[in-house]
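# Structure at a glance
Listed here are the chains, written in short residue letters.
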Amino acid sequence: IMGEGRDPYCSDIICPMYDSPLRCAEVVEESRHEKPQPRPFILCEYAHAMGNSSGNLHLYWHLFRSSKHPRLQGGFIWDWVDQGLSLPKSSGFAIGDGYGYGGDFGATSGKDDTTFCINGMVFPDRVPHPAMHEAKYLMQPITFHRVDGGGDKVQLELFGHCPSLDDLQFDCSTFDYKSAQPIESAPCTLDALTLTLPRQIVHDDDTFTVIQASFNKDVPFAKKHHVVASKVFQQNFQRLLLEPDQFATDDEKIQVTRVNESGKHITRINAHNKYIAEFDMDRGCLISFVGQDGQSLLKDVQHSFFRAPTDNDVGGLDSMLPLGMFKRFVPADEISLNAQWKTLGLDQLRSNTVAVESSGDSNKIMVTQQHKHKHAVRFTTCSTYHFGADGVQLRVKVDADESTLKGTLSLPRVGMLFVLPSEFERVKYLGCGPHESYADRKSSSILGVHET
């Protein structure tokens, strides 16, 4: 017997819907100590995969695979595939050579459902959403654990849906931190459930190690070399960051001049012809950054605290009510995130420069700004631009006003915006990759330098 609910006494399993990881742990702890029982805990739904979503899966899977909570056995993601139907141009509908949903088949075909049936981990043609990388990694049937004091030994832990080890090959690769390029790869030796890393692989502070288990032959559902499980070891992200003292002033390489152009106070930094930057001292922003070949690289750098809302951001009890007059009775934690953000005016913030500081010929500029909705301060930022011989480093301290923190359960964005030349098509960046990742969806990513 299955019954949806927090802890139904009459069911064979406890199967709530969208309980938080903390609540899941609390239920099994309570039922273990206060009213001992052996019932398994399986969430009938715990993640809603509509649109750009599926964050924080790692918090659930930490519990699902914890030896402390053996009764926490997993759950179901809603759902597998986007339920869109192919619409060829010959169909006569508005969309051609795409997928129809939510009213695309006529006025009475579910217009009010909008994207609510487009909530899978894969697109209608079964191409994975970016979130599938995270789900695959967290659900992988093999996990890897470095053996304490074992040097080149790695212990495998297998789960019930693991393929036969005879069908797998285990390889180890080292990557350079700064380039994220592979240095060397070699097969591992497997003895029972213990891997021995190849001796020729170098493991030091300048590299990180990736172990992969992949099929050694074609199988009915995957090709040879399809990766089944992986693990990154020895990630030292701090080695990729440049400290401020690496941008020390060098009078021979950096020339700082101050000019007045059309009433604007501009600071111009010439880094030995490697780049020329222009900083608007009135507005407190970098307005131009030109490379040594004369190519404009970016301009108009500014703070950003909003983004386009996702499908789940828009969903809330307030969005389901037919009349706006009833929305004021909706509990605060049931109001859609998008409505919370709009109430705070995060989509309409105006930046006010409070102070711009730079002493003499210093190649460092400090800017303090307030970001307001109408007359209410939502954020205060302190930005330090440090111009070095090879580039510019920007460090930002952000303070959210108390009204902002009380007015929303989650912030849409804390970041920067700038304008790039339209001809730029590729970007090389330091961060999580190579696939799309976010603060709450990055367990499957690799820290390093990536290009896309």
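Reading the values: the criteria
- Residues numbered from 1 in each chain as written.
- Predicted model: local features only at pLDDT ≥ 70, side-chain atom pairs only at ≥ 80, totals over all residues.
- Heavy atoms only, no water.
- Helix = DSSP H or I, 4+ residues; strand = E, 2+ residues; numbered from the N terminus.
- Buried < 20%, exposed > 50% of the residue type's maximum accessible area, 1.4 Å probe, protein only.
- Polar contact = N/O pair within 3.5 Å; in protein donor to acceptor, adjacent residues only side chain to side chain.
- Patch = residues over 30% accessible without salt bridge, like charges linked within 9 Å, V, L, I, M, F, W, Y side chains within 5 Å.
- Areas by Shrake-Rupley, 256 points an atom, 1.4 Å probe, with all protein chains shown as cover.
- Salt bridge = Lys/Arg side-chain N within 4 Å of Asp/Glu carboxyl O.
- Pairing = 2+ DSSP bridges.
- Arc of directions from axis to C-beta.
- Contact = heavy atoms within 4.5 Å.
- Axes fitted to C-alpha atoms, helices over the stretch in contact; angles between N-to-C directions.
- Parallel < 35°, antiparallel > 145°, perpendicular 65-115°, else oblique.
- Left-handed = near helix turned anticlockwise from the far one by under 90°.
- Nonpolar A, V, L, I, M, F, W, Y, C, P; charged D, E, K, R; others polar.
- Phe/Tyr/Trp six-rings, centres within 6.5 Å; stacked < 30°, edge-to-face > 60°.
- Lys NZ or Arg CZ within 6 Å of the ring centre and 35° of its normal.

Considering the arrangement of structural elements, one finds D313 in helix α4 (residues 311-314). With relative accessibility at 7%, the residue D313 sits in the buried group. Within the structure, D313 has its side chain in polar contact with the side chain of R307 (distance 2.8 Å).

Our next topic: a nonpolar patch on the surface. Taken together, L394, V396, V398, L411 and V414 make up a surface patch of nonpolar side chains, about 330 Å² in accessible area. Of the residues examined, V396 reaches a relative accessible area of 36% and is grouped as partly exposed.

Within the secondary structure layout, E334 lies in the loop between α5 (317-320) and α6 (337-344). Between the C-alpha atom of E334 and that of G315, which follows or precedes it by 19 residues, the distance is 9.4 Å.

So, about the pairing of strand β22 (residues 376-387). Examined bridge by bridge, strand β21 (residues 364-373) and β22 share ten bridges and lie antiparallel to one another. Bridge pairing in β22 links Q369 to T381. Relative to strand β23 (residues 392-400), β22 runs antiparallel, the two sharing nine bridges. By the bridge assignment for β23, F387 is matched with V392. Joining the antiparallel neighbours β22 and β23 is a turn of four residues.

Another point: α6. Among the residues of α6, N338, Q340, W341 and L344 are the ones counted as buried. Down the axis, α6 shows its buried residues gathered within 160 degrees of arc, on one side only. For α6, the secondary structure elements touched by its buried residues are α4, β21, β22 and α7 (402-407). Taken from the residues just after α6, G345 is the one with a positive phi, measuring 75 degrees.

Turning our attention to the sheet that holds β22. Spatially, the four strands line up as an open sheet ordered β20-β21-β22-β23, and their pairing is antiparallel. Lying at the two open borders of the sheet, with one neighbouring strand each, are β20 (350-357) and β23. On average, each strand axis in the sheet is tilted by 20 degrees relative to the strand beside it, whichever way the strands run.

Here we take up the sheet that holds strand β16 (residues 264-270). The strand order across the open sheet built from six strands is β15-β16-β17-β18-β19-β24, with neighbouring strands paired in antiparallel fashion. One side of each edge strand has no neighbouring strand; the edge strands of this open sheet are β15 (255-261) and β24 (415-419). With strand direction ignored, the average angle separating the axes of adjacent strands in the sheet is 25 degrees. Inspection of the sheet shows strand β19 (residues 296-304) paired to β24 by four bridges, in the antiparallel sense. Note on β24: the bridge partner recorded for K299 is V419.

Under the counting rule described, the total for this entry stands at nine salt bridges. Between R283 and D280 there is a salt bridge, with its nearest N and O atoms 4.0 Å apart. Residue R426 is joined to E451 by a salt bridge in which the shortest nitrogen-to-oxygen separation is 3.4 Å. Linking R426 in the loop between β24 and β25 (428-433) with E451 in strand β26 (residues 446-451), this pair joins segments that are 25 residues apart in sequence. On the basis of relative accessible area, R426 is assigned to the exposed category, the value being 57%.

Moving on to the packing of helix α2 (residues 57-64) against helix α3 (residues 131-139). One way to put it is that α2 packs onto α3 with a least axis distance of 10 Å and a crossing angle of 10 degrees. By the angle class used here, α2 and α3 are roughly parallel. Crossing geometry of α2 relative to α3 is assigned as right-handed. Residues L57, H58 and W61 of α2 form the contact with α3, whose participating residues are A135, L138 and M139. For the contact of α2 with α3, the class distribution of residues is five nonpolar, one polar and no charged.

Residue position: N260 is located in strand β15. A relative accessible area of 51% places N260 in the exposed class. Within polar-contact distance, the side chain of N260 engages the backbone nitrogen of G263 at 3.2 Å.

The subject of this paragraph is the environment of D282. Summarising the element assignment, D282 is placed in the loop between β17 (275-280) and β18 (285-291). By relative accessible area, which is 42% here, D282 ends up partly exposed. Put simply, D282 and V356 are 74 residues apart on the chain and 7.6 Å apart in space, counted from C-alpha to C-alpha. Among residues more than four places away in sequence, those in contact with D282 are G263, K264, H265 and T353.

According to the stated counting rule, one finds eleven aromatic pairs in the structure shown. Judged by centre distance (5.2 Å) and plane angle (80 degrees), the ring pair of W61 and F64 falls under edge-to-face. Of the two residues, W61 and F64 are both situated in helix α2; the distance of three residues between them amounts to about one turn of the helix. Take W61 and F64: they sit in the same class, and that class is buried. A ring pair is formed by F215 and F221, whose centres lie 5.7 Å apart and whose planes are at 80 degrees; its orientation type is edge-to-face. We classify F221 as exposed; its relative accessible area is 66%. Each residue in the set Y46, Y60, W61 and F64 is aromatic and connected to the rest through ring pairs, giving one cluster. Across from the ring centre of F233, 5.2 Å away, lies the NZ or CZ of R146, which sits over that ring.

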